[in-house]
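Analysis of the macromolecular model
Residues per chain are reported as follows:
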Amino acid sequence: MRLVIFDIDDTAWGLNDRICNMLGIDINNIKSFYIKHNTELSEYQKEQLLNKYSDPEIFKDIEWYDGFTEIFKLEQLDCEVIINSNCNSQDVKDAKHYELVDKLGFSDEKVILNVINDPKHKEMHSDVFILVDDSPFNLAKSTALYNIALRKPWNTSEQGAEIIGDKKVIFCDTFKEILNITKKLLTGENKYETYKN
């Protein structure tokens, strides 16, 4: 069975958009996924951002991108869909779990939420058909046949491109576009060459 893995934060909803709007930070200054490496942010702004990533209140009443709630319909195309998302604390994990499982009704077995200390690390399946993720670190180490990312400042910047290296990534501007490309890849309508960088 072909495996399709979806990240959540800044893939299925605008985590950094929400935080930056609250803090008055220009999201385009987040050029590095690893917050401490962002030279265009002050030390105080970095500290503010990191604190918010661990605040469960940020992860309540999530406004999902258009199309996200339909991802499990992809399983009609002979694949298994899994959500795999990192969390900075157990409280954040509980908040995300409530949003995904209790409110959206997604199956508990299909939702993997990892409490981690290192934002650059994510436990990944080894045999993946499609990975959808915004992190250049996860895209770089992905063994998926196809890698898809929502275009963000930290994965399209010079630093992001350097981390991704020569790994082929399909960049999209909306989640709906991600969904449509995923469907085409699952049905064999389009081959990877169509989406070369």
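The sections below set out a description of the structure shown in this document. Numbering of residues starts from 1 in each chain and follows the order in which that chain's sequence is written. The model is predicted, so local features are restricted to residues of pLDDT at least 70 and side-chain atom pairs to those at 80 or more, both for listing and for counting; the totals for chains, interfaces and linings are taken over all residues. For the side-chain quantities, the full set of heavy atoms in the structure was used; hydrogens and water were omitted.

Overview of helix α1 (residues 15-23)
Think of an α-helix as turning once every 3.6 residues; residues three or four places apart then point the same way. To keep things clear, this is the line we draw: For every residue, the accessible area (1.4 Å probe, protein chains only) is compared with the maximum for its type, and the residue is labelled buried under 20%, exposed over 50%, or partly exposed between those bounds. Helical segments are the DSSP runs of H or I of at least four residues, strand segments are the runs of E of at least two, and each set is numbered from the N terminus. As used here, the arc is the angular range of directions from the helix axis to the C-beta atoms. We call two residues in contact whenever any of their non-hydrogen atoms come within 4.5 Å of each other.
All of the buried residues along α1 are L15, N16, I19 and C20. For α1, the angular spread of buried residues about the axis comes to 115°, placing them on one side. Here the buried face of α1 lies against α2 (43-53) and α5 (153-156). Positive phi appears at G24, one or two residues downstream of α1, with a value of about 70°.

As for the nonpolar core
Looking at soluble globular proteins, one finds that nonpolar side chains tend to be buried together. Counted only if it meets this: Residue types Ala, Val, Leu, Ile, Met, Phe, Trp, Tyr and Cys, when buried and joined through side-chain atoms within 4.5 Å, form a set referred to as a nonpolar core.
Counting 49 residues, the largest nonpolar core has F68, I71 and L100 as its most contacted members. Not counting residues within four places of it along the chain, the set of residues in contact with I71 comprises F6, V81, I83, F106, F175 and L179. Counting six residues, the second-largest nonpolar core is a separate cluster that includes L3, I5, I82 and L131.

Examining the pairing of strand β2 (residues 79-87)
How we decide: At least two DSSP bridges between two strands are needed for those strands to be called paired. Here a crossover is taken to be right-handed if, once the strands point away from the viewer, the path from the first strand over the helix to the second is traced clockwise.
Counting buried residues along β2, eight of its nine residues qualify, which places the element largely inside the surrounding structure. Of the pairings in the sheet, the one linking strand β1 (residues 2-6) to β2 comprises five bridges and is parallel in character. Bridge pairing in β2 places L3 opposite E80. With respect to chirality, the unit in which β2 leads through helix α3 (residues 90-103) into the neighbouring parallel strand β3 (residues 111-115) is right-handed.

Thoughts on the environment of N138
Along the chain, N138 falls in helix α4 (residues 136-141). In sequence terms N138 and M124 are 14 residues apart; their C-alpha atoms lie 8.5 Å from each other.

Structural notes on the state of the cysteines
Using the following cut-off: Cysteine sulfur atoms that come within 2.5 Å of each other are treated as a disulfide pair.
Evaluated as defined, the whole model comprises zero disulfides. Not part of a disulfide, C20 finds its nearest cysteine sulfur in C87, a span of 19 Å. Judged by relative accessible area, which is 3%, C20 ranks as buried. Residue classification places C87 among the buried residues on the basis of a relative accessible area of 0%.

So, unusual backbone geometry
The phi torsion at D10 lies on the positive side, around 65°, for a residue other than glycine. Structurally, D10 is set in the loop between β1 and α1.

Remarks on α3
The cut-off we apply is this: For a helix, the expected span equals 1.5 Å multiplied by the residue count minus one.
Spanning 14 residues, α3 covers 18 Å between terminal C-alpha atoms, matching the ideal 20 Å at 1.5 Å per step. All of the buried residues along α3 are V92, A95, K96, E99, L100 and V101. Buried positions along α3 lie against α2, β2 and β3. Immediately downstream of α3, the backbone of G105 shows phi near 80°, a positive value.

Concerning the side chain of N155
As for its position among the elements, N155 is in helix α5. N155 sits in the buried class, given a relative accessible area of 1%. N155 has contacts with D134, P136, A149, L150, G160, A161, I164 and F171, leaving out every residue within four places of it along the chain.

A few points about the packing of aromatic side chains
Operational definition: Only Phe, Tyr and Trp rings take part, Trp by its six-membered ring, and two of them pair if their centres are within 6.5 Å. Stacked means planes under 30 degrees apart, edge-to-face means over 60, and tilted covers everything else. Any Lys NZ or Arg CZ that is within 6 Å of a ring centre and within 35 degrees of that ring's normal is treated as a charge sitting over the ring.
Evaluated as defined, the whole model comprises eight aromatic pairs. Seen in terms of ring centroids, F68 and F106 are 5.7 Å apart; in terms of plane orientation they differ by 65°. Their pairing is edge-to-face. With a gap of 38 residues between them, F68 in the loop between α2 and β2 and F106 in the loop between α3 and β3 connect regions that are remote in the sequence. We classify F106 as buried; its relative accessible area is 9%. An aromatic cluster of three or more residues is present, and its members are F6, W64, F68, F72, F106 and F175. In this arrangement the basic side chain of R2 is found over the ring face of F129, its NZ or CZ atom lying 5.0 Å from the centre.

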